[in-house]
Amino acid sequence: MGRAEERKARQRGGRRAAPERRSSPPAAPGAPEILESPGGTTTAVGPSQAEGGTRAERRKAAAKGNSAKGSSAKGGKPAKGRIRRLFTWKKMLGTFFAFCLLGIGGFIVLYMMVSVPAGNSLAQTQSNVYKYSDGSVLARKGTVNREIVDLSKVPKDVQHTFVAAENKSFYSDNGIDLKGMARGLYNTARGRGTQGGSTITQQYVKNYYLDQNQTVTRKLKELVISLKVDREKSKDDILAGYINTSYYGRGAYGIQAAAQAYYRVDAQDLTVEQGAYLAALLQAPSQYDWAVAGPIGKKLVVDRWNYTLNNMVGQGWLDKTKRDGMTFPKPKEPKAASGLEGQKGYLVELANTQLENQLMKTQGLTRSEAEAQVVDQGWTITLNIDPKRQAKLEAAVKSQLTGKLDGKKRTVDKNVQAGAVSVDPKTGRIVALYGGIDYYKHYTNNATRADYQPASTFKPIILAAALDQNAKTQDGKEINANTVYDGTSRRPVKGSDIAFSPPNEDNADYGDITVQTAMNKSVNSVFAQMGVDVGMKNVMKAADDLGLDTTNLPAVPAQTLGSMGASPLEMAGVYATLDNHGKKVTPTILASAEKTGRRVDPPDPVGDPVISMSAADQVTSVLTGVVDDGTAKVSVAQNPLRKGQQVAGKTGTSDNNKSAWFTGYTPDLVTSVGLFGEDYKKHSQVSLTGATGLIPGTGRINGGGYPAQIWATYTFGVTKKQKFDLNTDLGAAVQPTLTPSKSATPSETPSQTPSQTPTKSAPPSNTPSNTPSQSATTSAPPPSNTPSNSPSQSPTGGITDNPLDPAADDFQ
């Protein structure tokens with residue numbers, strides 16, 4: 001029977017034996033037929049089933065049998081074969097390719113739809129208007145400092161510095177970095193800001209054709225336009241556009257303006273070293289400007305400068321021997337732009353910086369991108385500066401200090417720099433600021449610089465930490481204003497793993513004195529021990545919480561002397577927080593910033609409490625004693641302008657008289673004044689001693705002198721008489737009793753043998769509390785004769801009628 005006949009027979013219900021070509025033997029009569037199901041399993045079909053239908057019917061019967069077996073074996077779950085059929089590798093691969101094709105198709109459509117727009121960089125650069133808090137105009141700034149130069153006028157090696165710094169594959173890539181773009185798109189979509197990775201072509205496109213907004217749409221446009229620009233323009237044209245449109249800081253757009261701003265040369269005369277610095281600048285122009293950069297900024301820009309030159313060597317653009325002989329080319333001092341004379345430049349600079357910080361935080365911008373959005377971009381920026389208070393502060397500095405300086409008579413007078421910040425503690429607004437003699441003459445803002453020691457103005461932070469932590473002395477007594485400590489000079493602190501024996505001012509010994517008196521007299525030995533009692537980690541955390549930058553600073557006892565750097569702006573914030581009962585105050589000069597279709601409002605400068613109200617108020621109470629009975633008594637408490645105004649504050653004078661401070665406050669105003677010794681040529685830190693020629697004796701300037709005089713002249717001219725509303729019954733403001741409280745002798749144990757291991761300058765004293773002044777130098781203040789017998793009496797015996805007497809100093 002042929003195949004056709006056989007098929008017909010099966011259709012009629014017939015069946016025949018298996019064809020001879022099958023390897024398996026024919027089934028025995030009555031035996032079940034073995035059929036294979038589509039899922040790969042086999043099923044025995046009984047004779048009745050096999051004989052009672054066609055082959056297709058028998059296959060269905062086999063599948064039904066398998067289903068029954070699967071159901072009975074697995075409780076009704078579908079067989080694995082069905083899942084495998086749904087998720088086969090062919091289907092998954094097909095889906096992947098479908099998505100790829102869809103993406104490619106979408107990109108093709110996008111590529112066809114997006115065209116290269118006309119450049120808009122010049123249209124974006126326009127004047128910023130800066131206003132005082134009352135709406136009057138402070139300054140207008142917007143003359144664009146840009147001069148386009150042909151790439152042929154830029155030395156080839158200098159061109160290579162930009163490529164080495166930003167995009168080593170520039171000459172060979174197609175204008176985009178897919179990996180960087182994918183990362184950027186992902187982070188933008190997730191709200192994580194930018195992660196870098198753009199090519200020079202992409203940065204040029206962003207600068208010249210687009211804007212700095214961090215959106216997925218803008219990034220996709222950047223990708224398409226970069227591809228088209230790379231096809232339509234030569235690499236030299238793109239590089240020329242990039243270096244001519246980028247912002248380099250100091251108001252300089254383009255390499256020609258930057259060469260003049262930083263090195264006073266034309267772009268064609270730049271050296272490789274100078275070009276590498278300008279290339280490094282583009283990552284963060286303000287942070288990397290050598291004239292104003294802090295230690296971290298200088299380290300970062302030097303590292304990037306080295307990175308750039310090393311890349312040039314790796315690319316074969318620079319001989320290694322020549323590179324090894326190169327030294328970092330420090331740029332020249334900046335020249336301020338016109339219209340920013342006097343204090344205007346300092347105010348505008350800080351307003352720009354705070355606006356940039358806000359954009360970086362809210363939009364995830366880099367510093368460079370934020371600067372590009374702020375500088376000369378048509379903003380109307382309103383400052384919190386009160387023009388009347390600003391004028392009063394400037395006048396106070398002139399009458400009490402700068403009017404007495406004469407650089408022709410005394411070289412040291414050329415080295416005196418002053419900075420001040422005045423803050424409303426209830427709102428956090430900076431109402432007045434003094435940044436230096438003139439923005440044209442001294443580019444660095446003394447109000448925001450943080451490279452000088454705050455010295456004894458740090459002591460209230462130690463006390464605040466002690467009170468907030470409910471800390472105790474070494475023998476378990478609670479620390480408060482009435483707690484007694486051993487004030488012996490150079491007494492080794494107890495409980496520290498690091499040996500520390502700080503001297504008091506003039507090496508004076510005070511014996512057993514209360515914390516209140518120790519604050520009044522600024523006794524180093526007491527606060528060094530208190531810092532260890534509290535725990536230096538707790539002290540540094542409190543400093544950070546209150547507003548100081550303690551990043552990477554070691555928590556060691558030496559920090560109790562205020563040995564870290566701090567700015568008047570930071571110290572004003574710390575004391576404003578104390579004045580505001582412990583609620584964190586972050587001083588801000590920025591009230592608002594507006595431009596077409598856009599407005600930026602800074603966050604509330606007043607935040608949540610960082611220390612308890614009782615701790616803050618007790619510190620304030622103690623600090624009233626510094627004014628009424630301490631180192632600021634003559635300049636502040638006895639100032640004829642005071643007229644009963646309550647004042648709290650602290651003086652400070654750093655080691656070698658390189659800085660002198662007074663930070664004080666009334667219930668409605670906090671002002672920090674700092675004097676800094678800065679060599680007028682080298683800009684290194686030098687002593688202030690001898691300045692003005694009006695100080696008797698050693699000529700040492702201290703915090704109770706000129707800084708306190710400036711503070712009083714300004715503050716008492718702009719404040720109204722008010723009283724502190726304090727939640728405490730301790731401290732000078734509430735007139736503690738003459739007899740110390742039950743915690744009056746917590747230092748008896750440590751004071752029994754404070755000088756068992758004295759330094760050479762401190763002879764042993766077996767009974768320091770009885771004769772504390774025996775080991776003091778001849779210039780020690782007279783009150784040290786009997787400090788332990790009258791701890792709460794006036795400690796101002798060492799302050800003469802002349803408030804500048806060096807005996808009033810805090811820290812030698």
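Just so it is clear, the model here is predicted, and its values are computed rather than measured.

(A) Fine view of the sheet that holds strand E3 (residues 128-131). Reading across from one edge, E4-E3-E7-E13-E14 is the order of the five strands in this open sheet, with mixed pairing throughout. Each of the sheet's edge strands pairs with one partner strand only, and the pair in question is strand E4 (137-141) and strand E14 (598-600). Across the sheet, the mean angle from the axis of one strand to that of its neighbour is 15 degrees, orientation sign disregarded. When E3 meets strand E7 (residues 380-383), the two strands line up parallel, connected through three bridges. Each residue of the ladder has a partner; that of Lys-131, found in E7, is Thr-382.

(B) Highlighting the pairing of strand E16 (residues 648-653). Most of E16 sits inside the fold, with six of its six residues counted as buried. Neither face of E16 is left uncovered, since the one carrying Ala-648, Lys-650 and Gly-652 and the one carrying Gly-649, Thr-651 and Thr-653 both have all their residues buried. As judged from the six bridges shared by E16 and strand E17 (residues 659-666), these two strands associate in the antiparallel manner. Note that in E17 the partner of Ala-648 across the bridge is Tyr-665. Here E16 hands over to E17 after five residues, with Asn-656 in that stretch at a positive phi of 60 degrees.

(C) Local environment of the packing of helix H7 (residues 156-166) against helix H13 (residues 272-281). Where H7 contacts H13, the two axes come as close as 8 Å, and the packing angle between them is 35 degrees. For the pair H7 and H13, the crossing hand works out as right-handed. For the pair formed by H7 and H13, the contact residues are Asp-157, Val-158, Thr-161, Phe-162, Ala-165 and Glu-166 on the first element and Val-272, Gly-275, Ala-276, Leu-278 and Ala-279 on the second. Each residue belonging to the contact of H7 with H13 can be placed in one class, and the counts come to seven nonpolar, two polar and two charged.

(D) Here's a closer look at the side chain of Asp-617. With respect to the helices, strands and loops of the structure, Asp-617 is situated in helix H25 (residues 613-629). It turns out Asp-617 is buried and unbridged, and the closest side chain with the opposite charge, Lys-426, is 9.4 Å from it. Apart from the residues within four sequence positions on either side, Asp-617 is in contact with His-581, Asp-725, Leu-726, Asn-727 and Thr-728.

(E) Spatial organisation of unusual backbone geometry. You will see that Arg-250, though not glycine, has its phi angle at about 55 degrees, which is positive. By the secondary structure assignment, Arg-250 is in the loop between helix H11 (235-245) and strand E6 (252-253). One non-glycine residue, Arg-490, adopts positive backbone phi at about 60 degrees. Relative to the helices and strands, Arg-490 is located in the loop between strand E10 (484-486) and strand E11 (512-514). Judged by its relative accessible area of 23%, Arg-490 is partly exposed.

Criteria and cut-off values
- The residue numbers shown here count from 1 along each chain, following its written sequence.
- Where local features are concerned, this predicted model is filtered to residues with pLDDT of at least 70; where side-chain atom pairs are given and counted, the filter is 80 or more; whole-chain, interface and lining totals use all residues.
- For the side-chain quantities, the full set of heavy atoms in the structure was used; hydrogens and water were omitted.
- Only strands joined by at least two bridges in the DSSP assignment are considered to pair.
- Numbering of helices and strands runs from the N terminus, with a helix taken as a DSSP run of H or I at least four residues long and a strand as a DSSP run of E at least two residues long.
- For helices, the fitted axis covers only the stretch in contact; all axes are lines through C-alpha atoms, and the angles between them, taken along N-to-C directions, range from 0 to 180 degrees.
- Residue burial is assigned from relative accessible area. The probe radius is 1.4 Å, only protein chains are included, and a residue is buried under 20% of its type maximum, exposed over 50%, and partly exposed in between.
- By convention, the crossing between two helices is left-handed when the near helix turns anticlockwise from the far helix through less than a right angle, and right-handed when the turn is clockwise.
- The contact criterion used throughout is that any non-hydrogen atoms of two residues lie within 4.5 Å.
- Residues are sorted three ways: Asp, Glu, Lys and Arg are charged, Ala, Val, Leu, Ile, Met, Phe, Trp, Tyr, Cys and Pro are nonpolar, and all the rest, Gly among them, are polar.
- Under this rule, positive means Lys or Arg and negative means Asp or Glu; His and the chain ends count for nothing.
- By salt bridge we mean one thing: a side-chain nitrogen of Lys or Arg within 4 Å of a carboxyl oxygen of Asp or Glu.

Read these as spatial facts, not as claims about activity.
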